[in-house]
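Structural overview for review
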Amino acid sequence: MKKLAFLLAAIATLAFVLVGCGSDTKDSASNANQEFSVGVTAGPHAQVMDFVAKEAEKQGFKIKVVEFNDYIQPNIALEQKELSANSYQHQPFLDNMVKERGLHLVSVGKTILLPMGLYSNQYKDLSTVPNGASVAIPNDPTNGGRALLLLQQAGLLKLKDGGTPKSTVADIVENPKNLQIKELEAAQIARSLNDVDIACVNTNYALSAGLNPLKDAVVVESKDSPYANVVAVREGDQNSEALKKFLAIYQSDATKKFIEDTFKGSIIPAF
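Residues numbered from 1 in each chain as written. Predicted model: local features only at pLDDT ≥ 70, side-chain atom pairs only at ≥ 80, totals over all residues. Heavy atoms only, no water.

Some details on the overall build of the chain
Within the chain, the regular secondary structure consists of ten helices and 14 strands. Counting across all 271 residues of the chain, residues that qualify as buried make up 45%. Within the chain, residue pairs in contact and separated by at least 24 positions form 73% of the contacts whose partners lie at least 6 positions apart. Carbon together with sulfur atoms contributes 52% to the accessible area of the chain, which is approximately 14100 Å² in total. (Helix = DSSP H or I, 4+ residues; strand = E, 2+ residues; numbered from the N terminus. Buried < 20%, exposed > 50% of the residue type's maximum accessible area, 1.4 Å probe, protein only. Contact = heavy atoms within 4.5 Å. Areas by Shrake-Rupley, 256 points an atom, 1.4 Å probe, with all protein chains shown as cover.)

If you want it as structure tokens, here you go:
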């Protein structure tokens, strides 16, 4: 009887192990086939990602594109594991949010460069800009510094020590035209052109407002700008197979051609 009981116990244990192994295999397969969700902002990032999702679908890889209307929530959603990755921001902006909010996010690859432009409904020659002219710049830290660097590139002001992405209005050391700097939400600036003399506008918002950086901007950020956009993920996810597959599709010749054909040089592949 003891031998029989031992044998039955051994069989039960083996059955439990086999069932457990089967469950792990099933769970692993399920995880491998889960959607890869990517947060983007409305405009070019969403357009490019929609194309990438279609390319991925051809390979049996499901990408869910989640669109946001601001610069903050895509990083918060990624941190809270509501997304697999996001693709909408440049490195200085990501660095700033990681530092300020204690996020555990890292960049894993470059996407596109959306050069910031200087726009005006009144002045196409900056030498005619009058004293006391109003200038709108983004009110978030990194894009604000970026705008000030663009104004310096245009010869309208000078910044302390040549300026950095972290420059603020307090770092202006020369302002010969006594420009009146107005810090506004980045998404609203393109639609405020009638209310200011000059505006520094991010390309994604310019395009959404019907502006073409190549035709309408008085000055465009130089092509060697450090503000290429990046894909961000949570720390620890840098080497996931799903991410590798996603990056390979995004940084492919097909995606590069789509960007070049669609945006005609106003947006540049950065990979």
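Quick look at the environment of isoleucine 249
By secondary structure assignment, the location of isoleucine 249 is in helix α9 (residues 241–250). Exposure remark for isoleucine 249: the relative accessible area of 4% places this residue in the buried category. Separated by 197 residues in sequence, isoleucine 249 and valine 52 have C-alpha atoms that sit 6.5 Å apart. Excluding anything up to four places from it in sequence, isoleucine 249 contacts Val52, Glu55, Ala56, Gln59, Phe61 and Thr255.

Remarks on the sheet that holds strand β6 (residues 117–119)
With mixed pairing, the five strands of this open sheet are ordered in space as β10-β7-β11-β6-β12. In the strand order of this sheet, the two ends are held by β10 (180–184) and β12 (219–220), each with one partner. Here strand β7 (residues 134–138) runs beside strand β11 (residues 198–201); their pairing, made up of two bridges, is parallel. Paired with alanine 136 across the two strands is alanine 199, which belongs to β11. Where helix α5 (residues 141–153) meets the sheet, it contacts β6, β7, β10, β11 and β12, and its direction lies at approximately 140° from that of β7. (Pairing = 2+ DSSP bridges. Axes fitted to C-alpha atoms, helices over the stretch in contact; angles between N-to-C directions.)

Section: empty space enclosed by the protein
In this structure the tally under the stated criterion is one cavity of 30 Å³ or more. Around the largest cavity, the lining comprises 14 residues; the ones closest to its centre are Tyr71, Tyr88, His90, Asn202 and Asn229. If one sorts the elements of the lining of the largest cavity by residue count, strand β3 (residues 85–90) sits on top with three residues. (1 Å grid on protein atoms, 1.4 Å probe; cavity = no way out; pocket = protein on both sides within 12 Å on 5 of 7 lines; lining within 4 Å. Points joined across faces, edges and corners; volume = space filled by probe spheres on them.)

Here we look at the pattern of salt bridges
As enumerated under the stated definition, the model contains five salt bridges in all. One salt bridge connects arginine 234 with aspartate 237, and the closest N-O pair in it is separated by 3.4 Å. Among the ionic pairs, lysine 244 bridges to glutamate 241, the shortest N-O distance being 3.6 Å. Taken together, the positions of lysine 244 and glutamate 241, both in helix α9 and three residues apart, correspond to about one turn of that helix. Residue class for lysine 244 comes out partly exposed when judged on its relative accessible area of 42%. (Salt bridge = Lys/Arg side-chain N within 4 Å of Asp/Glu carboxyl O.)

Notes on the sheet that holds strand β2 (residues 63–68)
As summarised here, the arrangement of the five strands in space is β2-β1-β3-β13-β4, forming an open sheet in which the pairing is mixed. Sheet topology places β2 and β4 (105–110) at the edges, where each strand pairs with a single neighbour. Taken over all neighbouring pairs, the strand axes of this sheet differ in orientation by 35° on average, direction set aside. When β4 meets strand β13 (residues 229–234), the two strands line up antiparallel, connected through five bridges. Directly across from serine 107, in β13, lies its bridge partner alanine 232. Sheet strands in contact with α9 are β1 (36–41), β2, β3, β4 and β13, and its direction is about 50° off that of β1.

Things to note about the packing of aromatic side chains
A complete count under the given rule lists nine aromatic pairs for this structure. Measuring from centroid to centroid gives 6.3 Å for tyrosine 71 and tyrosine 88, while their planes differ by 45°, and the two rings are tilted. Taken as a pair, tyrosine 71 in the loop between β2 and α3 (73–79) and tyrosine 88 in strand β3 lie far apart in primary sequence, 17 residues in all. A relative accessible area of 12% means that tyrosine 71 is categorised as buried. (Phe/Tyr/Trp six-rings, centres within 6.5 Å; stacked < 30°, edge-to-face > 60°.)

Things to note about unusual backbone geometry
One non-glycine residue, aspartate 161, adopts positive backbone phi at about 55°. Phi angles above zero are rare outside glycine, and asparagine 178 is one such case at about 50°. Assignment of secondary structure puts asparagine 178 in the loop between β9 (172–174) and β10.

Some thoughts on the pairing of β2
With six bridges joining them, β1 and β2 adopt parallel strand pairing. Counterpart to valine 40 in the pairing with β2 is glutamate 67. The parallel pair β1 and β2, bridged by helix α2 (residues 44–58), forms a crossover whose chirality is right-handed. (Right-handed = clockwise from strand over helix to strand, strands pointing away.)

Remember, this is a structural readout, not a statement about activity or role.
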